[in-house]
Amino acid sequence: MLITEIFHSIQGEGTLIGIPMLFVRTNVCNIRCEWCDTKYSFYGGREIALSDILNIVKEAKEQWVCFTGGEPLVQRDALSFVEGSLKLGKKILIETNGTVPIRNFTISDNIVLDVDVKSPSAKVRKPFLEENLKYIRDTDYLKIVIKDREDLDFAINFIRGHRKNLNYVLQPAWGSDIRMIADAIVETDLNVRVLPQLHKIMYGEMRGV
Ligand SMILES: C[S@@+](CC[C@H](N)C(=O)[O-])C[C@H]1O[C@@H](n2cnc3c(N)ncnc32)[C@H](O)[C@@H]1O
Ligand SMILES: Nc1nc2[nH]cc(C(=O)O)c2c(=O)[nH]1
Ligand code: SF4
Ligand SMILES: [Mg+2]
């Protein structure tokens, strides 16, 4: 698999925030979000044999693996990596951008899917794969990055326009106003989480944290 970096940290995003995880960040992405904080994963990277990566997973002290990128699900060995990590007794959080099918990755309760719905400020042309909504389970969640009021209106309309029992995390684009999101959400009846990126609060904007 083409790897950008492998590191140990605290999960900084989403419903598993605060949990120590081994992060496996793959290279390459099929879209280019305007505000992507991991543009360094678009090029370069190191080809590491799946068996070697799974050895690192095996030796890791963390119960959890965060499989991210770049876009991890465009990697040819993505499913083999996930299946191999499960066989090693790990739990896996998959961070995926919503434009790639997730169906094959709902094979275990030890997988949690964080599926993005890209907001207008991402300025990406590739659409969210609506069929993915059929496969989102109770332990999975949709994440919408909010940069401005237009993104927030998009998110509220998206939430109101889809089935009720979906979990959502509204995450401010780093540096944007989380209070704007929180103040608006408390005025609604929406049952969503408003969460910042904890790792950036702790370490600043750095690679490998
Ligand atoms: C770097 S992406 C990698 C996984 C996958 N490509 C995706 O976009 O879901 C991981 C998460 O970081 C979020 N993200 C990227 N840049 C961000 C930024 N500047 N501020 C807040 N969240 C950001 C993405 O929306 C995504 O939820
Ligand atoms: N600590 C930490 N938590 C994260 N959760 C999702 C991340 C990502 O870049 O996919 C990330 C990251 O880069 N660092
Ligand atoms: S999909 Fe994820 S990795 Fe790709 S550009 Fe967007 S935020 Fe960055
Ligand atoms: Mg990140």
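Residue indices begin from 1 for each chain and proceed along its sequence in written order. Chain A is the first chain written and ligand 1 is the first ligand written, with later ones labelled in order. The model is predicted, so local features are restricted to residues of pLDDT at least 70 and side-chain atom pairs to those at 80 or more, both for listing and for counting; the totals for chains, interfaces and linings are taken over all residues. Remark: hydrogens and water are excluded; side-chain values derive from all non-hydrogen atoms of the structure.

So, on to the site of ligand 1. Each residue is tested against the molecule or strand, and it is near if at least one of its non-hydrogen atoms lies within 4 Å. Near ligand 1 lie 22 residues; those nearest to it are Trp35, Gly70, Asp116, Lys118 and Trp174. Polar contacts here mean pairs of N or O atoms no more than 3.5 Å apart (in protein, one a potential hydrogen donor and the other a potential acceptor; neighbouring residues in sequence count only if both atoms are side-chain atoms). Within the backbone of Asp37, an N or O atom sits 3.0 Å from a nitrogen atom of ligand 1. In the environment of ligand 1, an oxygen atom lies 3.2 Å from a nitrogen or oxygen atom belonging to the backbone of Thr96. Shrake-Rupley sampling with a 1.4 Å probe provides the accessible areas, and residues are treated as covered by the protein chains on show and by no other component. Protein coverage of the free-state accessible area of ligand 1, which is 540 Å², stands at 94%. Cavity membership is defined here by more than half of the atoms lying within 2 Å of grid points; on that basis ligand 1 lies in the largest pocket. Each helix is a run of H or I in the DSSP string that is no shorter than four residues. Each strand is a run of E no shorter than two, and both are numbered from the N terminus. Within the residue set of the shell around ligand 1, elements represented by two or more residues are β5 (91-96), β7 (141-146) and β8 (168-172). The nonpolar class holds Ala, Val, Leu, Ile, Met, Phe, Trp, Tyr, Cys and Pro. Asp, Glu, Lys and Arg form the charged class, and all remaining residues, Gly among them, are polar. In the shell around ligand 1, the residues fall into six nonpolar, eight polar and eight charged. Definitions used for this entry: grid spacing 1 Å over protein atoms alone; cavity, a set of points where a 1.4 Å probe fits but cannot get out; pocket, an open set with protein on both sides within 12 Å along at least 5 of 7 lines; lining residue, one with an atom within 4 Å of a point. For a cavity or pocket, the test is whether more than half of a molecule's atoms lie within 2 Å of its grid points; if they do, the molecule sits there.

The next thing to look at is the site of ligand 2. Close contacts around ligand 2 come from Ser9, Ile10, Gln11, Gly12, Glu13, Phe23, Arg25, Thr68, Glu95, His199 and Val209, and that covers them all. His199 is positioned such that a nitrogen or oxygen atom in its side chain is 3.5 Å from a nitrogen atom of ligand 2. In the model, a nitrogen atom of ligand 2 is placed 2.7 Å from a nitrogen or oxygen of the Val209 main chain. Contact with the protein chains hides 93% of the accessible area of ligand 2, taken as 320 Å² for the molecule alone. Given that more than half its atoms are within 2 Å of the pocket grid, ligand 2 belongs to the largest pocket. When residues of the shell around ligand 2 are traced back to their parent elements, those giving at least two are β1 (2-10) and β2 (20-26). Taken together, the residues of the shell around ligand 2 break down into three nonpolar, five polar and three charged.

By the secondary structure assignment, Glu13 is in the loop between β1 and β2. At a separation of 2.5 Å, a polar atom in the side chain of Glu13 contacts the side chain of Lys143. At 2.8 Å, the side chain of Glu13 and the side chain of Gln197 are in polar contact. Contact definition: two residues touch when any of their heavy atoms are within 4.5 Å. Beyond its immediate chain neighbours, meaning those up to four positions away, Glu13 contacts Glu95, Tyr141, Lys143, Gln171, Gln197 and His199.

Let us look at the pattern of salt bridges. Salt bridges, as used here, are contacts in which a Lys or Arg side-chain nitrogen is within 4 Å of a carboxyl oxygen on Asp or Glu. All chains considered together, the criterion is met by eleven salt bridges. Between Lys118 and Asp116 there is a salt bridge, and its shortest N-O distance comes to 2.8 Å. Exposed residues in this analysis have more than 50% of their type's maximum accessible area, buried residues have under 20%, and partly exposed residues fall in between, with area computed by a 1.4 Å probe over protein chains only. For Asp116, a relative accessible area of 7% corresponds to the buried category. A cluster of three or more residues bridged by salt bridges with shared partners is formed by Glu13, Glu95, Asp114 and Lys143.

Our next topic: the UniProt feature "binding site: Mg(2+)" (unreviewed entry) in the protein chain. UniProt positions are given in the numbering used here, feature names are shortened, and annotations may be inferred rather than shown by experiment. Within this numbering scheme, the UniProt entry marks Thr38 as carrying the feature "binding site: Mg(2+)" (unreviewed entry). Mapping Thr38 onto the fold places it in the loop between β2 and β3 (46-47). Residue Thr38 is classed as buried on the basis of its relative accessible area of 7%. Thr38 has contacts with Arg25, Gly69 and Gly70, leaving out every residue within four places of it along the chain.

Our focus in this paragraph is the layout of surface pockets. By rolling a water-sized probe across the atoms, one finds the places where empty space is left. Grid points are joined across faces, edges and corners, and a volume is the space filled by probe spheres set on the points. There is about 840 Å³ of room inside the largest pocket. Forming the walls of the largest pocket are 43 residues, and the residues nearest its centre are Glu13, Arg25, Asp37, Thr38 and Gln197. For the lining of the largest pocket, the secondary-structure elements that each account for two or more residues are β1, β2, β4 (64-68), β5, β7, β8 and α5 (198-203). Tallied by class, residues from the lining of the largest pocket come to 17 nonpolar, 14 polar and twelve charged. In this structure, the second largest pocket encloses a volume near 280 Å³. In terms of lining, the second largest pocket is formed by 13 residues, of which the most central are Ile159, Lys164, Leu166, Leu190 and Asn191. For the lining of the second largest pocket, a count of residues per class yields five nonpolar, three polar and five charged.

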